[in-house]
Amino acid sequence: SDYSQEPPRHPALLVNSKEPFNAEPHRSALVTSYVTPVEFFYKRNHGPVPIVDDIDKFSVSITGLIENPKELCMKDILRLPKYAVTATLQCAGNRRTAMSKTRKVKGVGWDIAAIGNAIWGGAKLADVLELIGIPKFSYISPCGGKHVEFVSIDKCKEENGGPYKASIPLSQATNPEADILLAYEMNGETLNRDHGYPLRVIVPGVIGARSVKWLDSINIIAKECQGLFTQKDYKMFPPSVNWDNIDWSTRRPQMDFPIQSAICSLDDVNNLKPGKITIKGYAVSGGGRGIERVEVSIDGGKTWVEASKYQKAGVPYISDDESCDKWAWVLFEAEADVPESTEIVAKAVDIAGNVQPENVEVIWNLRGILNTSWHRVHVQIGR
Ligand code: MTE
Ligand code: MO
């Protein structure tokens, strides 16, 4: 693989793998603003970043189980109504490093910042599909049924040099309220190369792996994508499954991510003076489920206080308010007096009442995905 033409990147990123490039910001960068700046947004690539230098020649082919396969050029996509969707993208491997401390897991190590919140600008996939003759709200049996597969331009070694790909159910793809985008902008700027220039898919509320970057083609297929990242990766196994007894076919590909929260204003271990500290972090749930509450403990999880939550600075977040961004995280904040060394913990509850598990052991899985256990940091108080 050729990594000689990678794009420039912010030097402050913490690099977990150089080739392919996998990097996250320091966790503190996530709570300085509700919308994550592009340069501090985590980057998760499976191969070299492809180069698209002639945008006039760029097109997306739409093929498969449709009557009239079509090529859409960038102009065709720009002609469709443009939407701006604020959505949090989270890698299924976020917080994997901590899961590995219980028992070793396989995969790129991530701290708690393989997540970011951006304003994605683009056309709705439901509009694109309508343009080629697939009606909105195409309802196909919820078990089985057609899928929409996204295939990239990139080449990754896990696919034996083939492109990265993933699929989502057709019923979701044709639902305009699912807000799935073919995005060409991120935070009001042209999408950059690391994040999928010129065009990527954004599937809000779903693990990042389904938001295919550098889109090359869309295929309507009879059942879910047979590619590696749908069949032999990004599946949730119970703790009893190991590399000797794994049967990938017994599990479905992970789609929505579960309720998640983490403290970003403190490192894993902090040496502080006694006094007031501010505890800040993010909370988000998959499937567009809002956040009901975030609680913080300064005694290792024995007692809790509720943190304040916001999206827009200065406006308290209320999950069922029309004005809140349903696909986006909330930032939380709590102040506490910490007189002695202790463990500080955060946990969140979504509007369906889903809670984070107390320990990582109960959700441990060999691929190290979806570590959503209570987030704990240590504070050592010196005099
Ligand atoms: N799309 C392509 N073509 N190639 C990739 O390697 N990585 C996926 C997804 N889409 C990937 C991809 C994964 S696992 C994640 S978490 C997100 O992109 C990361 O998106 P980002 O780099 O814009 O943060
Ligand atoms: Mo990912």
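Residues numbered from 1 in each chain as written. Chains lettered and ligands numbered in written order. Predicted model: local features only at pLDDT ≥ 70, side-chain atom pairs only at ≥ 80, totals over all residues. Heavy atoms only, no water.

**Let's talk about the pattern of salt bridges**
Thinking step 1. Scanning the model with the defined rule gives 18 salt bridges in all.
Thinking step 2. With its nearest N and O atoms 3.2 Å apart, the salt bridge here joins E343 to R376. Here R376 lies in strand β22 (residues 375-381) and E343 lies in strand β21 (residues 342-350), a separation of 33 residues in the sequence.
Thinking step 3. Taken together, the shared-partner salt bridges connect E6, R9 and D194 into one network. (Salt bridge = Lys/Arg side-chain N within 4 Å of Asp/Glu carboxyl O. Helix = DSSP H or I, 4+ residues; strand = E, 2+ residues; numbered from the N terminus.)

**What about a negative patch on the surface?**
Thinking step 1. On the surface, E292, E306, D320, D321 and E322 cluster together into a negatively charged patch.
Thinking step 2. Turning to its location among the elements, E322 is positioned in the loop between β19 (308-310) and β20 (330-338). (Patch = residues over 30% accessible without salt bridge, like charges linked within 9 Å, V, L, I, M, F, W, Y side chains within 5 Å. Areas by Shrake-Rupley, 256 points an atom, 1.4 Å probe, with all protein chains shown as cover. Lys, Arg positive; Asp, Glu negative; His and termini not counted. Charge placed at Lys NZ, Arg CZ, Asp CG, Glu CD.)

**Examining the site of ligand 1**
Thinking step 1. Lining the immediate surroundings of ligand 1 are 20 residues, of which Y42, H46, H195, R200 and K213 lie closest.
Thinking step 2. A distance of 2.8 Å is found between a nitrogen atom of ligand 1 and a side-chain nitrogen or oxygen belonging to D154.
Thinking step 3. Between ligand 1 and the protein, one listed contact pairs an oxygen atom with a side-chain N or O atom of H195 at 2.7 Å.
Thinking step 4. Its free accessible area being 530 Å², ligand 1 has 100% of it covered by the protein chains.
Thinking step 5. When the residues that make up the shell around ligand 1 are grouped by side-chain class, the tally is nine nonpolar, six polar and five charged. (Near = heavy atom within 4 Å. Polar contact = N/O pair within 3.5 Å; in protein donor to acceptor, adjacent residues only side chain to side chain. Nonpolar A, V, L, I, M, F, W, Y, C, P; charged D, E, K, R; others polar.)

**Regarding the side chain of H46**
Thinking step 1. In this fold, H46 is placed in the loop between β3 (43-44) and β4 (59-64).
Thinking step 2. When its relative accessible area of 6% is taken as the criterion, H46 is described as buried.
Thinking step 3. Of the polar contacts made by the side chain of H46, one reaches the side chain of R44; its length is 3.4 Å.
Thinking step 4. Excluding its chain neighbours within four sequence positions, the residues that come into contact with H46 are P20, K155, C156, K157, E158, Y164, F229 and Y234. (Buried < 20%, exposed > 50% of the residue type's maximum accessible area, 1.4 Å probe, protein only. Contact = heavy atoms within 4.5 Å.)

**A few points about the domain arrangement of the protein**
Thinking step 1. Each domain of the protein was delimited in the assignment, giving domain 1 (52-250) and domain 2 (260-381).
Thinking step 2. For domain 1 versus domain 2, the separation of C-alpha centres amounts to 28 Å.
Thinking step 3. Listed per partner, the contact involves 42 residues of domain 1 and 31 residues of domain 2.
Thinking step 4. Taking both sides of the interface into account, the surface hidden between domain 1 and domain 2 amounts to around 3000 Å²; carbon and sulfur atoms contribute 59%.
Thinking step 5. Across the domain 1-domain 2 interface, the total number found is one salt bridge.
Thinking step 6. As a salt-bridge pair, R367 and D233 come within 2.6 Å of each other at their nearest N and O atoms.
Thinking step 7. The class makeup of the residues in the side of domain 1 that touches domain 2 is 20 nonpolar, 11 polar and 11 charged. (Domains from an automatic or database assignment. Buried area = accessible area lost by both parts, 1.4 Å probe.)

**Re the pairing of strand β10 (residues 181-186)**
Thinking step 1. With six of its six residues buried, β10 lies for the most part within the structure.
Thinking step 2. Bridge count for strand β7 (residues 115-124) against β10 is five bridges, and the pairing is antiparallel. Counterpart to G122 in the pairing with β10 is A183.
Thinking step 3. Sheet topology note: the β10/strand β12 (residues 200-202) ladder contains three bridges and is antiparallel. Bridging across to β12, L181 finds its partner in I202.
Thinking step 4. Here β10 pairs with strand β11 (residues 189-190) via two bridges, running antiparallel. When the bridges of β11 are listed, E185 appears paired with T190. (Pairing = 2+ DSSP bridges.)

**A few points about the pairing of β4**
Thinking step 1. Summarising the sheet, β4 and strand β5 (residues 70-73) pair through four bridges and their orientation is antiparallel. When the bridges of β5 are listed, S61 appears paired with E71.
Thinking step 2. Hairpin connection of β4 to β5: five residues between the antiparallel strands.

**Quick notes on the nonpolar core**
Thinking step 1. Within the largest apolar cluster, 58 residues are counted, with the highest numbers of intra-cluster contacts made by L125, L129, F150, L199, I218 and Y282.
Thinking step 2. When residues of this core are sorted by domain, at least three fall in each of domain 1 (52-250) and domain 2 (260-381).
Thinking step 3. Ignoring any residue separated from it by four or fewer positions in sequence, one finds L129 in contact with I134, V148, L170, A173, T174 and I220.
Thinking step 4. Within the second largest apolar cluster, 23 residues are counted, among which are A283, Y317, C324 and V338. (Core = buried A, V, L, I, M, F, W, Y, C linked by side-chain atoms within 4.5 Å.)

**Some words on the sheet that holds strand β17 (residues 291-297)**
Backbone hydrogen bonds hold the strands of a sheet together, and the pairing may be parallel or antiparallel.
Thinking step 1. Across the sheet, five strands lie side by side as β15-β22-β21-β17-β18; this open sheet has mixed pairing. A strand with exactly one partner marks an edge of an open sheet, and here the two such strands are β15 (269-272) and β18 (305-306).
Thinking step 2. Here β15 pairs with β22 via four bridges, running parallel. Note on β22: the bridge partner recorded for N270 is V379.

**Considerations on the sheet that holds β20**
Thinking step 1. The sheet built from four strands is open, its strands ordered β14-β16-β20-β19 with antiparallel pairing. Each edge of the open sheet carries a strand with a single partner, namely β14 (260-263) and β19. In this sheet, neighbouring strand axes are inclined to one another by 25° on average, regardless of whether the strands run parallel or antiparallel.
Thinking step 2. Bridging between β14 and strand β16 (residues 275-284) involves four bridges; their strand directions are antiparallel. Of the residues in β16, the one forming a bridge with I263 is G281. (Axes fitted to C-alpha atoms, helices over the stretch in contact; angles between N-to-C directions.)

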